[in-house]
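In case you want the letters, here they are:
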Amino acid sequence: GAQARDGAVAEIEKKIIEAFEVFDHECNKTVDVREIGSIVRSLGCFPTEAELHELLAKVEEEEPTGHIHLEKFLPVMTKVLLDRSYRPIPEDVLLHAFEVLDEHKCGYITKEELVKYLTKEGEPFTQEEMEDMLSTALDPETNSVHYRDYISMMIVDET
C-alpha cells in the first residue's frame, strides 16, 4: 500500500506543480495570492469562498506578502487532492438547481436571469467569474444558457 500511495502522491504533486507553473509568471516558484483560486479549480477542486480562505491561511507566509510559495502550497494542496476535498457538485444536483431557476421549464435560462441569480443571490459571483462562466455557457445566438449542454461540458471525467 505505501508504495502505491507514494506513487499517487508523486503523480498528484506533478499535477499541482504543473498547474502552479501556469500562474508563476516570474518563474520564481511563487504566484500571486489571487491566482490560488484559479489553480485550485484547475485541479478539479471547487471550494467555497470560505474554504478557499481557510486554504489560503494555511499557505500564506506569517507576514502575508501577497505571494504564495510553491513549497508551502504543494503539501497543503496534495492533502486536499488525496482527501478528495472540495469535490464538484454531482450532475443531478446541478441539473436540479438549473431546473429550479428555469421557471418556464424550457430547458434554458436567459443571460439576464443567470446574471441576476449569480450576482445577487447566495454567494455572489465576481464580475470575472461571471464572465468566465458566460464565455463557456452562453449560446451567443440565443443569448441564453442551455444548461443540459453546459452541465455535460462541466462534468469532469473521474477516470
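Because the structure is predicted, anything quoted here is derived from the model rather than measured.

## A word on the sheet that holds strand β5 (residues 144-146)
Turning to step 1, where the next piece is worked out: In spatial order, the strands read β3-β5-β4; together these 3 strands make up an open sheet with antiparallel pairing. Both edges of this open sheet fall to β3 (108-110) and β4 (138-139), since each of them pairs with a single strand only.
Turning to step 2, where the next piece is worked out: Note: β3 against β5, 3 bridges, orientation antiparallel. Bridging from a neighbouring strand, Thr110 pairs with Ser144 of β5.

## With respect to the UniProt feature "domain: EF-hand" (unreviewed entry) in the chain
Turning to step 1, where the next piece is worked out: With numbering aligned to this structure, UniProt lists the feature "domain: EF-hand" (unreviewed entry) at residues 11-46 and 89-124.
Turning to step 2, where the next piece is worked out: Spanning residues 11-46, this segment combines 56% helix with 8% strand, and its end C-alpha atoms are found 20 Å apart.
Turning to step 3, where the next piece is worked out: Within residues 89-124, the helical portion is 58% and the strand portion 8%, while the C-alpha atoms at the span's ends are 17 Å from each other.

## Observations concerning the environment of Arg41
Turning to step 1, where the next piece is worked out: Examined against the element boundaries, Arg41 turns out to sit in helix α2 (residues 36-42).
Turning to step 2, where the next piece is worked out: Taking C-alpha positions, Arg41 is 9.8 Å from Ala19, a pair spaced 22 residues apart along the chain.
Turning to step 3, where the next piece is worked out: Apart from residues no more than four positions distant in its own chain, Arg41 is found in contact with Phe46 and Glu129.

## Describing the pattern of salt bridges
Turning to step 1, where the next piece is worked out: Under the defined criterion, the tally for this structure stands at 6 salt bridges.
Turning to step 2, where the next piece is worked out: Arg148 is the partner of Glu99 in a salt bridge, and the nearest nitrogen-oxygen pair spans 3.0 Å. Highlighted residues: Glu99 in helix α5 (residues 91-101) and Arg148 in helix α8 (residues 147-154), separated in sequence by 49 residues.
Turning to step 3, where the next piece is worked out: Look at Glu99 and you get partly exposed, because its relative accessible area is 25%.

Calculation notes
Residues numbered from 1 in each chain as written. Predicted model: local features only at pLDDT ≥ 70, side-chain atom pairs only at ≥ 80, totals over all residues. Heavy atoms only, no water. Pairing = 2+ DSSP bridges. Helix = DSSP H or I, 4+ residues; strand = E, 2+ residues; numbered from the N terminus. UniProt positions renumbered as here; feature names shortened; annotations may be inferred. Contact = heavy atoms within 4.5 Å. Salt bridge = Lys/Arg side-chain N within 4 Å of Asp/Glu carboxyl O. Buried < 20%, exposed > 50% of the residue type's maximum accessible area, 1.4 Å probe, protein only.

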